[in-house]
Amino acid sequence: MACTVVVGGFFGDEGKGKIVAYLALKDKPSIVARAGVGPNAGHTVEHAGRRYSLRLVPSGFVYEKARLLIGPGVAVNSKVLLDEIEQTSCRSRFGLDPQCAVIEQTHIDEETKSQHLTRTVGTTKSGVGACNAARALRMVKLARDFPELSPYLKDVGAEIHSALSSDDLVLVEGTQGTFLSLYHGTYPFCTSKDTTASAACADIGVGPTMVTDVVAVFKAFVTRVGTGPLDGELSSEETRKRGWQEFGTVTGRERRAAPFNFELAKLAVRLNGVTQAAITKLDIVFPESKGVKEYNDLPIPAKDFIDRVEKNLGVAVTLIGTGPSTDEVIERREE
Ligand code: GDP
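**Focus on the overall build of the protein**
Across its full length, the protein carries 11 helices and 13 strands. In terms of C-alpha radius of gyration, the protein reaches 19 Å, essentially the compact-globule figure of 20 Å for 335 residues. Seen along its three principal axes, the alpha-carbon backbone of the protein occupies a region of about 55 × 50 × 35 Å. For the protein, with 335 residues in total, the buried portion stands at 56%. Just so you have it, the protein exposes about 14100 Å², and 51% of that area is on carbon and sulfur atoms. Computed over 40 positive and 42 negative side-chain charges, the separation of the two mean positions in the protein equals 4 Å.

**Let's talk about empty space enclosed by the protein**
Scanning the entire structure with this criterion turns up one cavity of 30 Å³ or more. For the largest cavity, the calculated volume is near 40 Å³. Contributing to the lining of the largest cavity are Val-7, Gly-36, Val-37, Gly-174, Thr-175, Asp-194, Thr-195, Thr-196, Ala-199, Ala-200 and Asp-203. Looking at the lining of the largest cavity, the element that brings in the most residues is helix H7 (residues 197–204), giving three residues.

**As for the sheet that holds strand E8 (residues 213–219)**
As summarised here, the arrangement of the nine strands in space is E6-E5-E2-E7-E1-E8-E11-E12-E13, forming an open sheet in which the pairing is mixed. Edge positions in the sheet fall to strand E6 (94–96) and strand E13 (329–331), since each has one partner strand and no second. Strand-to-strand, the axes of this sheet are offset by a mean angle of 20°, without reference to chain direction. Sheet analysis places E8 next to strand E11 (residues 276–280), joined by five bridges and oriented parallel. Each bridged residue has a counterpart across the sheet, and for Lys-219 the counterpart in E11 is Thr-280.

**Structural notes on the pattern of salt bridges**
Counted according to the given criterion, the structure contains 22 salt bridges. One connected set of salt bridges, linked through shared partners, spans Asp-13, Lys-219, Glu-246, Arg-255 and Lys-281.

**Here's the deal with the side chain of Asn-132**
Examined against the element boundaries, Asn-132 turns out to sit in helix H5 (residues 128–136). On the basis of relative accessibility, which here comes to 15%, the residue Asn-132 falls in the buried class. With near-sequence residues (within four places) excluded, Asn-132 lies in contact with Val-37, Ala-75, Ser-192 and Lys-193.

**So, the packing of helix H9 (residues 262–272) against helix H11 (residues 300–313)**
In contact at an axis separation of 9 Å, H9 and H11 are set at 50° when each is read in the N-to-C sense. By the criterion of interaxial angle, the relationship of H9 to H11 is oblique. At the point where H9 passes H11, the crossing takes the right-handed sense. Contacts from Phe-262, Ala-265, Lys-266 and Val-269 of H9 reach H11 at Phe-305, Arg-308, Val-309, Asn-312 and Leu-313. Taken together, the residues of the contact of H9 with H11 sort by class into six nonpolar, one polar and two charged.

**Description of the side chain of Ser-78**
Tracing the chain through its elements places Ser-78 in helix H2 (residues 78–87). Owing to a relative accessible area of 9%, Ser-78 belongs among the buried residues under this scheme.

Procedures and definitions
Residues numbered from 1 in each chain as written. Predicted model: local features only at pLDDT ≥ 70, side-chain atom pairs only at ≥ 80, totals over all residues. Heavy atoms only, no water. Helix = DSSP H or I, 4+ residues; strand = E, 2+ residues; numbered from the N terminus. Rg over C-alpha atoms; globule rule 2.2 N^0.38 Å. Buried < 20%, exposed > 50% of the residue type's maximum accessible area, 1.4 Å probe, protein only. Areas by Shrake-Rupley, 256 points an atom, 1.4 Å probe, with all protein chains shown as cover. Lys, Arg positive; Asp, Glu negative; His and termini not counted. Charge placed at Lys NZ, Arg CZ, Asp CG, Glu CD. 1 Å grid on protein atoms, 1.4 Å probe; cavity = no way out; pocket = protein on both sides within 12 Å on 5 of 7 lines; lining within 4 Å. Points joined across faces, edges and corners; volume = space filled by probe spheres on them. Pairing = 2+ DSSP bridges. Axes fitted to C-alpha atoms, helices over the stretch in contact; angles between N-to-C directions. Salt bridge = Lys/Arg side-chain N within 4 Å of Asp/Glu carboxyl O. Contact = heavy atoms within 4.5 Å. Parallel < 35°, antiparallel > 145°, perpendicular 65-115°, else oblique. Left-handed = near helix turned anticlockwise from the far one by under 90°. Nonpolar A, V, L, I, M, F, W, Y, C, P; charged D, E, K, R; others polar.

Next up, the structure:
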């Protein structure tokens, strides 16, 4: 039995999509399950020369034998989902839990009209927050109420349990980041539910004793989109000068940036019960790392940085991203 949960260690956009895709190709799980909040998160996968921006279909779709499931804790938008199923040609191996909440136009309108959400909180206006609020009031409609979703309905918790009982690997994809959590994040500048590994497990119906590994994904610098505190924030001029400029996958908004925050990362290790860390975008902070696949070939300052991360966080950095593609990864897990 093995269940690996992947979560974001900072404010989202850490490169979870690429790490999940890499792990799916390498570890060949029988199931990749998307947990998390909903289509307010965009995960990017660059694989075999193509770039995918996925808001609902699990990033592990690149491993063609994996079942792709979305757990009942995730809010879905039918149009976004059906488009992505087409885009990734995964119809025959995709399943959605009948108890997923469905985002409707009224939820999107509600968020768009709310000055509190658009100006103060800085929401993505994808309707997820309003949908989760309606769910808390037991007023939301579920996937089982929509005929266009009926071909995909599956008991996700039961499928995952059956895979784990057969000693298969299950890979769980969290969304957003630890400090966007409704409970542990920078309230009110946060998302509409918890985003830690425990929440990811609840989203798909896996109990805490079933989890074997929690991988936190950190970027080699910190970014944050929209409002809310960001310690050590750089000016946009300095961000551009360092080559750290990024734009959001869902909103296209320019992300704010700061250097790697060791204290925040340590807290993320504690909140998620992290067993391994992945560091992405090492090549952006240390350009000579670009495309490197062996740890020993990294430039010394990059190795020193990884060393500092391990010493401060108390966990091994087992995966290192040196470029956007699924094959630009340094693997340091023991076989
Ligand atoms: P996610 O939501 O956590 O999956 O992150 P995003 O998709 O919002 O942003 C990550 C971006 O960084 C995407 O454009 C990825 O293709 C890219 N990326 C991921 N890992 C690396 C890496 O190691 N190096 C570089 N240069 N880009 C990366």
